[in-house]
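Architecture and fold: a report
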Amino acid sequence: MTGIEIIIEKCVGCRLCIKECMFGAIEMKDKKAVINDNCTLCGACVPSCKFDAIRIESDKTQETADISKYNGVWVFAEQKHCAVSQVAFELLGEGRKLADTLSIPLSAVLIGSNLQDEANKLIAFGADNIYYVDNQSVEYYNDESYTDIFVQLIEKYKPEIVLIGATTYGRSLAPRVASRLNTGLTADCTGLAIDPEKRLLLQTRPAFGGNLMATIICPNHRPQMATVRPKVMKPLEPDYSRIGEIIHPDVIIPTDLKTKVLDAVQTVCETVSLTEADIIVSGGRGLGEAKNYALVEELARVLGGAAGASRAIVDAGWVDYSHQVGQTGKTVGPKVYFACGISGAVQHLAGMSSSDIIIAINKDPDAPIFKIATFGIVGDVREILPELIKKFKERLG
Ligand SMILES: Cc1cc2nc3c(=O)[nH]c(=O)nc-3n(C[C@H](O)[C@H](O)[C@H](O)COP(=O)(O)OP(=O)(O)OC[C@H]3O[C@@H](n4cnc5c(N)ncnc54)[C@H](O)[C@@H]3O)c2cc1C
Ligand code: SF4
Ligand code: SF4
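Let me sum up the structure you'll find in this document. Remember, predicted model here, so these are calculated numbers, not experimental data.

1. A word on the site of ligand 3
Close to ligand 3 lie 14 residues, the nearest being C21, A25, C39, C42 and C45. Of the residues that constitute the shell around ligand 3, the class distribution is 11 nonpolar, 2 polar and 1 charged.

Given below as structure tokens:
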């Protein structure tokens, strides 16, 4: 069983454990410590008690896995409508580096139907082999069946590292799989590396509101699992002469599902999706008022791109949250990113700093955005944007 217990006879009510608990899970009642429902069983309070009054009992989640049995880097090749998502190719690029550092194979896991061409493409983008579960009943993503199949594969082949895109599907799948396997998961990593001595995956992600970067390790359990948002990593140049193996693993396809996907319908958008756009024009509080966001939209339209926003103007209600770029918005990586009247707070940079070219327009020459900008224009965005729109219209017709 798993649980935490205060040994009442030993507790002297010193309150030391309360300070140690970051989750507010310890209260005092009748001068004795009491654990409430906030407890995450993190264990931090145990060593703080000088009276051995706190006991954590662990079940197999606390046991250490036999790490030596695990080998290989895996990437979940998410697919929709028979096409592998771009994030999978990005993860293969990063996975290749990790696998080469550890001298272990890089594999992709593909679940769906009629995906032979996509499997070959994954090899071209860096995979050594593909575990391809080809079955009509798993054509569409389903939490239950995909989790079950993925867990079967991991239990059978025992990869050391598993990378999953932090997409809607990935964010649903990864914690389910990690929980079933009793292993750790680091969400929304912005950097991955290997500790060559200990062969550990170093998973870096923003913490405490983006004010510091935390590097997280998973020393006792396998696989080491991480999700990474789209556009954070770069794919390799495809090499269609690469040769890899496509393995059709023997798995049990679950049939007794609570949810069945009958059909998937694609929405048709007139505007370019923010995460897929090559050009993004984003506006911030420097626009002055809500109506000036139309200038941002106009320039984006003229350039065939998408319109983004800082959180300040989303919070102010000038524009919908779906446009927000940054740590709590979308992560983007266009060829060109216009930051118009955006100061360049770390939380905004977290979502766009991998853009190839950054053009910043700001009236303050010391604005932090200029530190990462490729080109900077110092001036009033409300005057500069109409000029840019006019010039680009003339040039592009
Ligand atoms: C946990 C957390 C998560 C967050 N997540 C995000 C996120 O995902 N995305 C995000 O964007 N922010 C996020 N933030 C907020 C972030 O810290 C900043 O507050 C925000 O990015 C500021 O937006 P801004 O640059 O538009 O506004 P400001 O910081 O107010 O900057 C406005 C800029 O416009 C310039 N300016 C003013 N007038 C003009 C003019 N007429 N012409 C040209 N320039 C002008 C100013 O010099 C200034 O640099 C988050 C914050 C926290 C704490
Ligand atoms: S630190 Fe130990 S003795 Fe002190 S209040 Fe907490 S449980 Fe009781
Ligand atoms: S185990 Fe962690 S969350 Fe639970 S009471 Fe102790 S410090 Fe708080």
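So that's the structure; there's more coming.
2. Structural notes on helix α6 (residues 293-302)
For α6, every residue scored as buried is listed here: L295, V296, L299 and A300. The arc that holds every buried residue of α6, seen down its axis, measures 135 degrees, which confines them to one face. On the buried face of α6, the contacting elements are β17 (279-283), β18 (306-309), β19 (336-340) and α10 (381-396). Looking one or two places after α6, you find G304, whose phi comes out positive at around 70 degrees.

3. So, the nonpolar core
Grouped together as the largest cluster of nonpolar side chains are 54 residues, with contacts concentrated most on L92, A108, V109, L110 and L122. Per-element accounting of this core gives the leading share, 7 residues, to helix α2 (residues 86-102). Among all residues touching A108, those that are not within four sequence positions of it are V75, A77, A88, L92, L122, A127 and I130. Counting residues in hydrophobic clusters, the runner-up holds 35 residues, among them L295, I342, M352 and V381.

4. Focus on the site of ligand 1
Surrounding ligand 1, one finds 31 residues, the nearest of these being G284, G286, S310, R311 and G326. Looking at the shell around ligand 1, the elements with two or more residues in it are α7 (311-315), α8 (346-352), β20 (357-362) and α10. A breakdown of the residues in the shell around ligand 1 according to their chemical character gives 8 nonpolar, 17 polar and 6 charged.

5. What to know about the sheet that holds strand β15 (residues 224-228)
Strand order in the open sheet formed by 7 strands is β11-β15-β10-β5-β8-β9-β16, and the pairing between neighbours is parallel. At either margin of the open sheet sits one strand with a lone partner, and together these are β11 (185-189) and β16 (245-247). Across the sheet, the mean angle separating the axes of adjacent strands is 25 degrees when strand polarity is ignored. Across 3 bridges, the pairing between strand β5 (residues 73-76) and strand β10 (residues 161-165) is parallel. Bridged to W74 within β10 is V162. On the sheet, α2 packs against β5, β8 (106-112), β10 and β15 and is oriented at approximately 175 degrees with respect to β5.

Cut-offs used in this document
- Residues numbered from 1 in each chain as written.
- Chains lettered and ligands numbered in written order.
- Predicted model: local features only at pLDDT ≥ 70, side-chain atom pairs only at ≥ 80, totals over all residues.
- Near = placed C-beta within 6 Å.
- Nonpolar A, V, L, I, M, F, W, Y, C, P; charged D, E, K, R; others polar.
- Buried ≥ 20, exposed ≤ 12 C-beta atoms within 10 Å, placed from the backbone.
- Helix = DSSP H or I, 4+ residues; strand = E, 2+ residues; numbered from the N terminus.
- Arc of directions from axis to C-beta.
- Contact = placed C-beta atoms within 7 Å.
- Core = buried A, V, L, I, M, F, W, Y, C linked by C-beta atoms within 7 Å.
- Pairing = 2+ DSSP bridges.
- Axes fitted to C-alpha atoms, helices over the stretch in contact; angles between N-to-C directions.

Spatial relationships are all this shows, so hold off on functional conclusions.
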